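# Remarks on the overall topology
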There are 2 protein chains.
Amino acid sequence: MDLIRTIVVSGGTHGNELTGVKLYEKWARNGEYFQGKCPSAKVLLAHTNVEATAACRRYIDKDLNRCFSRELLSLASSDVYEIRRAKELDARFGPKGPDTRTDLIIDVHNTTSNMGICLILSARDPFTMRASAEIASEFPDAFIYYQPEEREASPYFGTVAKADICLEVGPQPHGSLDAKLFFETERVVLRYLELAEEWNAGILQKKPRKTVDVYTQYKDIDYPRDSSGSVRAMVHPNLRNADYSELSPGDALFMTFDGEDILYEGAQTVHPIFIDESAYYEKKLAMSLTTKTTEEW
Amino acid sequence: MDLIRTIVVSGGTHGNELTGVKLYEKWARNGEYFQGKCPSAKVLLAHTNVEATAACRRYIDKDLNRCFSRELLSLASSDVYEIRRAKELDARFGPKGPDTRTDLIIDVHNTTSNMGICLILSARDPFTMRASAEIASEFPDAFIYYQPEEREASPYFGTVAKADICLEVGPQPHGSLDAKLFFETERVVLRYLELAEEWNAGILQKKPRKTVDVYTQYKDIDYPRDSSGSVRAMVHPNLRNADYSELSPGDALFMTFDGEDILYEGAQTVHPIFIDESAYYEKKLAMSLTTKTTEEW
């Protein structure tokens, strides 16, 4: 993108992911806090799922971060709180599409998986790639996950802006807070703002590129289930907290409740992430498999 | 107690604590599985909060494990699902009081706190003390927490029986499963049944006593909150995953969102447990402080 004129930093898209909620509250108490990091842009704060936060639940009626597709945003009305809320947020920060008033959304999430500070990129956007490469080089716990999205169809809040970063921070049980991750997340968000300032000044573009590991979405896999749909195996102990590690054909993937191994039968070595994210049991997702490349960003 | 004639092993008292739910399902598929471990008693299985399990939530209307007080069990009827369910369970396994048909309840729970296999004793009952001392000596991850209860007033399911053990197993995010903890919990439950068999044969009483660390309930403490009731600090990073460790006067206890330490101002050294249990934010409980003694059990 060219100049970054408007940035939205959001928390509470899932109401029980408290790092973003508490960062929002902290930042909202001090409006100048951000603006100083990126004076060349307008930096706005958003508390996205207000009612779910009050209930300390992921969502009230429907996952808000699955409500920003063109299809749902086009509904004239809805009984579903999160669809109405998505339309409000789109009216305020969008409208989604080429005429959106927001250049960049940074949306803060938590995960129960051992993912550190995962920087999720939905597109190969020049600014988010360059800035994320800087951050991945500076923060030992930061990893880059590239999950390409068709923007109009994508249900994620970030796709309301021209470009977006979704931060997935863990491991942290939903409804709780880890102080170390809280401050680390804050430092990463502030660093993105500084890098946006460098971008607007034409500095970031001229810096030497960084060599980074890029984990690219390959395939989501569900838990093994019985004929009634009930989960019939657990993630294998070898994979516990092993996000980003290698999983090769023949490696143990799941373990049944009787202690039998179920092996990975894919054709190639992959790198699983979102291993055992507790909010994804309902989404039929045991982990996301990625491929790993080393790139110059 | 004298002879242990009836034992109830239960899971799913909180519907999103999946170790107990999945152990129940496993055991229910094989009715002989238990009985062989303790032929001298009748061993029954219970899936306690069925509707909350179906919804993968802690509870539907009210925490079931706060519904077994004499006061609530005495209500003629209720609109609250869990109060109705408590009355059903009391009718089936109780009635709570001296005439209860159940001698021992083993209720399986999970916690997001780093508590290993916590053996919670509600009374200084000779069997549960002796058996728990054996288990604490055999399992490196097992710890004894003594939380004395006035049985008639106590809201816990276990108090429907003459004696009870509550297993709190973690760390595990609610709504997920850790295979290692799953099998370790199973081994502990089966070992309790073997020890009940030894008790009924008069063997366990004659074994040499074991020296064990006993963590006794001392005081529950809440998160610091602002005037609106909102949490204004996190558990200090020093205490992250530090269940059972020493906390002395002047040690860091919480950290505010601005990074300031809040110190422990109690008069004596204590040992916190249930640190940052995510389900306890709503209960206004940041951790439970215990005192540690070494005893011959």
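Before going into details, it helps to say that this report is about the structure given with it. Owing to the predicted nature of the structure, the values given are computational and were not obtained by experimental measurement.

Further remarks concern the interface of chain A and chain B. The partner chain B presents 30 residues to the 30 residues of chain A that form the contact. For the pairing of chain A and chain B, the buried interface totals around 2400 Å² over both sides, and the portion due to carbon and sulfur atoms is 62%. Where chain A packs against chain B, one counts four salt bridges. Of the charged contacts in the structure, one is a salt bridge between Asp-178 of chain B and Arg-240 of chain A, with a shortest N-O distance of 3.0 Å. The interface formed by chain A and chain B includes ten residue pairs in polar contact (both at pLDDT 80 or more). At the level of elements, helix H1 (18-28), helix H7 (179-200), strand S8 (233-235) and strand S9 (252-256) of chain A are the ones that each hand at least two residues to the side of chain A that touches chain B. At four residues, the largest contribution of residues to the side of chain A that touches chain B is made by H1 of chain A.

What follows covers the sheet that holds strand S10 (residues 261-263) of chain A. Taken in spatial order, the three strands of this open sheet run S8-S9-S10 (chain A), and their pairing is antiparallel. With partners counted over all chains shown, the strands left at the sheet margins are S8 and S10 of chain A, one partner each. Adjacent strand axes in the sheet meet at a mean angle of 35 degrees when their direction is disregarded. Sheet strands in contact with helix H7 (residues 179-200) of chain B are S8 and S9 of chain A, and its direction is about 130 degrees off that of S8 of chain A.

On to the pattern of salt bridges. If you walk through the whole model with that rule in mind, you get 44 salt bridges over all chains. Note that Arg-130 of chain B and Glu-134 of chain B form a salt bridge whose closest N and O atoms lie 2.8 Å from each other. Highlighted residues: Arg-130 of chain B and Glu-134 of chain B, both in helix H6 (residues 126-138), separated by four residues, approximately one helical turn. For the pair shown, Arg-130 of chain B and Glu-134 of chain B are each scored as buried. The salt bridge involving Glu-194 of chain B is made with Arg-191 of chain B; its shortest N-O contact spans 2.8 Å. In this pair, Glu-194 of chain B and Arg-191 of chain B are both assigned in helix H7, three residues apart and thus about one turn of the helix distant. Assessed through its relative accessible area of 16%, Arg-191 of chain B is described here as buried. Linked through salt bridges whose partners overlap, the residues forming this network are Glu-17, Arg-58, Asp-63 and Lys-283 of chain A.

Our focus in this paragraph is the relation of the copies chain A and chain B. Here chain A sits on chain B after a turn of 180 degrees about the axis and a move of 0.0 Å along it, with an RMSD of 0.0 Å. Here the copies are linked by what is in effect a two-fold axis. No C-alpha of chain A lies nearer the rotation axis than that of Pro-173 of chain A, which sits 2.7 Å from it. Taken as a fraction of all interface residues of chain A, those also at the interface in chain B reach 100%, which identifies the copy contact as same-surface.

Residue and element names in this part refer to chain B. Within strand S1 (residues 6-11), six of the six residues are buried, leaving the element largely enclosed by the surrounding structure. Neither face of S1 is open: one carries Thr-6, Val-8 and Ser-10, the other Ile-7, Val-9 and Gly-11, and all of them are buried. In this structure, S1 lies alongside strand S2 (residues 42-47), joined through six bridges in parallel fashion. Its bridge partner being in S2, Val-8 is matched across the sheet by Leu-44. Sheet topology places S1 next to strand S3 (residues 104-110); five bridges connect them, and they run parallel. Note on S3: the bridge partner recorded for Val-8 is Ile-105.

Now for H6 of chain B. Residue pairs spaced three or four apart in an α-helix point in one direction, given the helix's 3.6 residues per turn. Residue and element names in this part refer to chain B. Between its first and last C-alpha atoms H6 spans 19 Å; for 13 residues at 1.5 Å apiece the expected length is 18 Å, and the two agree. Listed as buried for H6 are Phe-127, Thr-128, Met-129, Arg-130, Ala-131, Ser-132, Ala-133, Glu-134 and Ile-135. Buried residues belonging to H6 abut S3, strand S4 (116-121), strand S5 (142-146), strand S6 (163-170), H7 and strand S7 (211-221). The residue sitting at the N-terminus of H6 and contributing the capping side-chain oxygen is Asp-125; that oxygen lies 3.1 Å from the backbone nitrogen of Phe-127.

This paragraph deals with the environment of Asp-61 of chain A. Residue and element names in this part refer to chain A. Structurally, the position occupied by Asp-61 is in the loop between helix H3 (50-55) and helix H4 (70-73). Classification of Asp-61 by relative accessible area gives partly exposed; the value is 42%. Separated by 141 residues in the primary sequence, Asp-61 and Gly-202 place their C-alpha atoms 44 Å from one another. Beyond its immediate chain neighbours, meaning those up to four positions away, Asp-61 contacts Asp-79, Val-80, Tyr-81 and Glu-82. Of the polar contacts made by the side chain of Asp-61, one reaches the backbone nitrogen of Tyr-81; its length is 2.8 Å.

Rules behind the numbers
- Residues numbered from 1 in each chain as written.
- Chains lettered and ligands numbered in written order.
- Predicted model: local features only at pLDDT ≥ 70, side-chain atom pairs only at ≥ 80, totals over all residues.
- Heavy atoms only, no water.
- Contact = heavy atoms within 4.5 Å.
- Buried area = accessible area lost by both parts, 1.4 Å probe.
- Salt bridge = Lys/Arg side-chain N within 4 Å of Asp/Glu carboxyl O.
- Polar contact = N/O pair within 3.5 Å; in protein donor to acceptor, adjacent residues only side chain to side chain.
- Helix = DSSP H or I, 4+ residues; strand = E, 2+ residues; numbered from the N terminus.
- Pairing = 2+ DSSP bridges.
- Axes fitted to C-alpha atoms, helices over the stretch in contact; angles between N-to-C directions.
- Buried < 20%, exposed > 50% of the residue type's maximum accessible area, 1.4 Å probe, protein only.
- Least-squares fit on C-alpha atoms with pLDDT ≥ 70 in both.
- Expected span 1.5 Å × (residues − 1).

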